[in-house]
Amino acid sequence: MDNRLATLLTRGESLTRAEYRVLAHLTEHPLLVGQITVRELAQATFVSTATIMRLCRRLGFSGFSEFTWHCKQLLSDTPHIAAVASQTAELPALFNQFIANYQQTLQWATPEKRRRFGELLREKESFFLYGAGFSYLFAEYLTKKLQVLGKTAFISGPGDSRNIFLSNASRYQVFIAVSRSGETEQVLDKARIAQNVGMTVVAFTRASANTLAGMADLHFALYDEAVHFAAEAAGVTSFESNLVLLMDLLLLEATG
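Here, residues in each chain are numbered from 1, in the same order as that chain's written sequence. Thresholds applied to this predicted model are a pLDDT of at least 70 for local features of residues and 80 or more for the giving and counting of side-chain atom pairs; totals over whole chains, interfaces and linings are not thresholded and use all residues. Side-chain metrics rest on all non-hydrogen atoms present in the structure, leaving aside hydrogens and water.

Participant: An account of the nonpolar core is needed here, citing residue identities and associated values.
Facilitator: The biggest cluster of nonpolar side chains holds 27 residues, and the ones touching the most others in it are L146, I176, F204 and F220. Sorting the residues of this core by element identifies α7 (111–123), β1 (126–131), α8 (134–148), β2 (152–156), β3 (174–178), β4 (200–206), β5 (218–222) and α12 (239–255) as the ones contributing at least two each. A run of H or I in DSSP becomes a helix once it reaches four residues, and a run of E becomes a strand once it reaches two; helices and strands are each numbered from the N terminus. In terms of residues, this core owes the most to one element, α12, which gives seven residues. Setting aside anything within four residues of it in sequence, one finds L146 in contact with L121, F127, L129, K151, A153, I176 and L251. What makes a nonpolar core is a set of buried Ala, Val, Leu, Ile, Met, Phe, Trp, Tyr and Cys residues whose side-chain atoms join them at distances within 4.5 Å. Burial classification: accessible surface area is computed with a 1.4 Å probe over protein chains only, and a residue below 20% of its type maximum counts as buried, one above 50% as exposed, and the rest as partly exposed. In terms of nonpolar packing, the next biggest core, distinct from the first, is built from 22 residues, L15, V22, I52 and L55 among them. Only heavy atoms enter the contact rule, under which two residues are in contact if any of them lie within 4.5 Å.

Okay, here's the thing in C-alpha cells:
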C-alpha cells in the first residue's frame, strides 16, 4: 500500500464494501492513478461505474476526474517513514572499535596498492584463488564477485589435490591467497608454485609480519585484534568483516 494514499482509507467507515474495494485497489496500485479509466477500474474491482461515481461523491469530489486529480496531488509528495523517537537505535559499544579497526586497515591499503589492484582487475582475465579454513569462505566470496565481473576465476582449498593446482597454474595470470595468519603451509605451497610459473601473487593477511606477505607481489594487511594467529579460529574479531569491506572497496574502485 502506498502510504501517500492511505489517508483516503480513513473515510472507509462511511463506505459500502464495494466502494471500499475500489479505494483499496487504488492504494495498492498507485501507478494506476491517472492511467486507468472509470470503466477499467470498475472491471478490475467487479463493480459498476455508478458505484465508483458514488464513491467519488462520498469522498467530497464532483466526479472521477476531480478524485483522480486529488490522488495525483497526494502521490506528488515524497513518501516517508515517520521516525519513532522511542525506538532510536543505540549502537553496540564495539561498533566504534570495529570502525576504528577498518580505518586502520585502510591506512595500510594505500592508494598505490589499490591502484595496482585495479590495474590487475582491468588488465588480467584469469584468477586462481586459494584459502584454507575460514579464509576459504572469503576467497570464495571474492571468486564469485570476479565471476560476476566476467573474469575467469577458480577457487581451491586444502580439500583439493595439489595436482589440481599444478596442472592448471599455467592457465591463470593472478594468484590471490587469503590467509589470516599468512603461515598456512598449504597456502604457502601454492604461492611458491604461482611464483615459479610467473603468476602475480596477491595476498590478504593480518598485518603482523608473516611469510605469505613477504612472498606477495601485492599485499593487503588487515588489522587484527587477536594476540596470536594460532587463536584465529577461536575468537570473534573485526578481521573478517574488515576483509569483506576491503574487498568490496577494491572492487568498487577498480570498476567504478
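Participant: Could you give an account of the pattern of salt bridges, with specific residues and numbers?
Facilitator: The term salt bridge refers to a side-chain nitrogen of Lys or Arg lying within 4 Å of a carboxyl oxygen of Asp or Glu. Within the structure shown, the criterion is met by 13 salt bridges. Measuring nitrogen to oxygen at the nearest pair gives 3.0 Å for the salt bridge that ties R58 to E19. Linking R58 in helix α4 (residues 49–58) with E19 in helix α2 (residues 17–28), this pair joins segments that are 39 residues apart in sequence. Judged by relative accessible area, R58 falls into the partly exposed class, the value being 44%. Several salt bridges converge on common partners, so that one network encompasses R180, R206, D224 and E240.

Don't take any of this as a statement about function, it's just geometry.
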